[in-house]
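Below are the chains, spelled out letter by letter.
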Amino acid sequence: DQPGQSRPDSLDTAVERVTTERATQNTNKYYAKPNADASNPGTSWDDATTLRSALDNAADGDSVLVMNGEYETNGAAFQTDGEHVLGGIQDEDNRRINDAFTADGQPTTLRGDGSNHVLHMDGGSITNVEITGGDADGTGSNALGGGILITGGDNDIHRSMIHDNQATTGAAVY
């Protein structure tokens, strides 16, 4: 501490503040819930859609708020193209749990289910997301990044857990 100067944020507090600012400053927000109807527009919690539909509808710079629960790839990786994905939402008042990865918290889990990659990032960010179950055992790019395959863009990963993924190269992230 220095007299007359405010104490800097802890790293976790600073990351949380910046992430929240990014996810709330954008004009377009999309909302995803487990088992939601994919035909819903996802423009509020009342008409939340699937994670895949929210990502498909969102554009570069938009935010996708994701309710806690499990989201399976069903054979095709989720993809970001500049969207900001904010997991760890515990209720429709947008309250987030402080630590989504404790026994008390149910995380927002993206689970590979027959896909080479769980998440394909070509720009954007993810926060408070668990990524597991990717199996990149193919050839070429399908042998890279079982958890996350990054192919371009400006990508940020915050407060997320990437585990139990497999790949020929880069099991967690490539």
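Look above for the structure.
Outline the pairing of strand β8 (residues 129–132), supporting the account with residue identities and numerical values.
For a regular strand, side chains alternate in direction, first toward one face of the sheet and then toward the other. Burial of the side chains of β8 extends over both faces: Val129 and Ile131 are buried on one face and Glu130 and Thr132 on the other. Strand direction decides the pairing type here: strand β6 (residues 108–111) and β8, joined by four bridges, are parallel. When the sheet's bridge partners are listed, Leu110 is paired in β8 with Ile131. As paired elements, β8 and strand β11 (residues 161–163) share three bridges and run parallel to each other. Bridge pairing in β11 links Glu130 to Met161.

Lay out the packing of aromatic side chains in plain terms, naming residues and giving numbers.
In this structure the tally under the stated criterion is one aromatic pair. Both rings, one in Tyr31 and one in Trp45, keep their centres 4.9 Å apart while their planes meet at 65°; by these two values the pair is edge-to-face. Residue Tyr31 is found in strand β1 (residues 29–32), and its partner Trp45 is found in the loop between β1 and α2 (51–57); the two are separated by 14 residues along the sequence. Just as Tyr31 is buried, Trp45 falls in that class too.

Residue-level account of the sheet that holds β11, with values.
Read from one edge to the other, the open sheet built from four strands follows the order β3-β6-β8-β11, with strand pairing classed as parallel. The open sheet has two free edges, formed respectively by β3 (69–72) and β11, since each of these has just one partner strand. Neighbour-to-neighbour, the strand axes of this sheet turn through a mean angle of 15°, independent of strand direction.

Any chance you could break down the pattern of salt bridges for me, citing the residues and the numbers?
Following the criterion strictly, the structure yields two salt bridges and no others. With a shortest N-O distance of 2.4 Å, Glu92 and Lys33 are connected by a salt bridge. With Glu92 in the loop between β5 (84–89) and β6 and Lys33 in the loop between β1 and α2, this residue pair connects regions lying 59 residues apart in the sequence. Classification of Glu92 by relative accessible area gives partly exposed; the value is 40%. On the basis of relative accessibility, which here comes to 22%, the residue Lys33 falls in the partly exposed class. Between Arg111 and Glu70 there is a salt bridge, with the nearest N and O atoms lying 2.9 Å from each other. Placement of the pair is Arg111 in strand β6 and Glu70 in strand β3, with a sequence separation of 41 residues. Exposure remark for Arg111: the relative accessible area of 29% places this residue in the partly exposed category.

What counts and what doesn't
- Residues numbered from 1 in each chain as written.
- Predicted model: local features only at pLDDT ≥ 70, side-chain atom pairs only at ≥ 80, totals over all residues.
- Heavy atoms only, no water.
- Buried < 20%, exposed > 50% of the residue type's maximum accessible area, 1.4 Å probe, protein only.
- Helix = DSSP H or I, 4+ residues; strand = E, 2+ residues; numbered from the N terminus.
- Pairing = 2+ DSSP bridges.
- Phe/Tyr/Trp six-rings, centres within 6.5 Å; stacked < 30°, edge-to-face > 60°.
- Axes fitted to C-alpha atoms, helices over the stretch in contact; angles between N-to-C directions.
- Salt bridge = Lys/Arg side-chain N within 4 Å of Asp/Glu carboxyl O.

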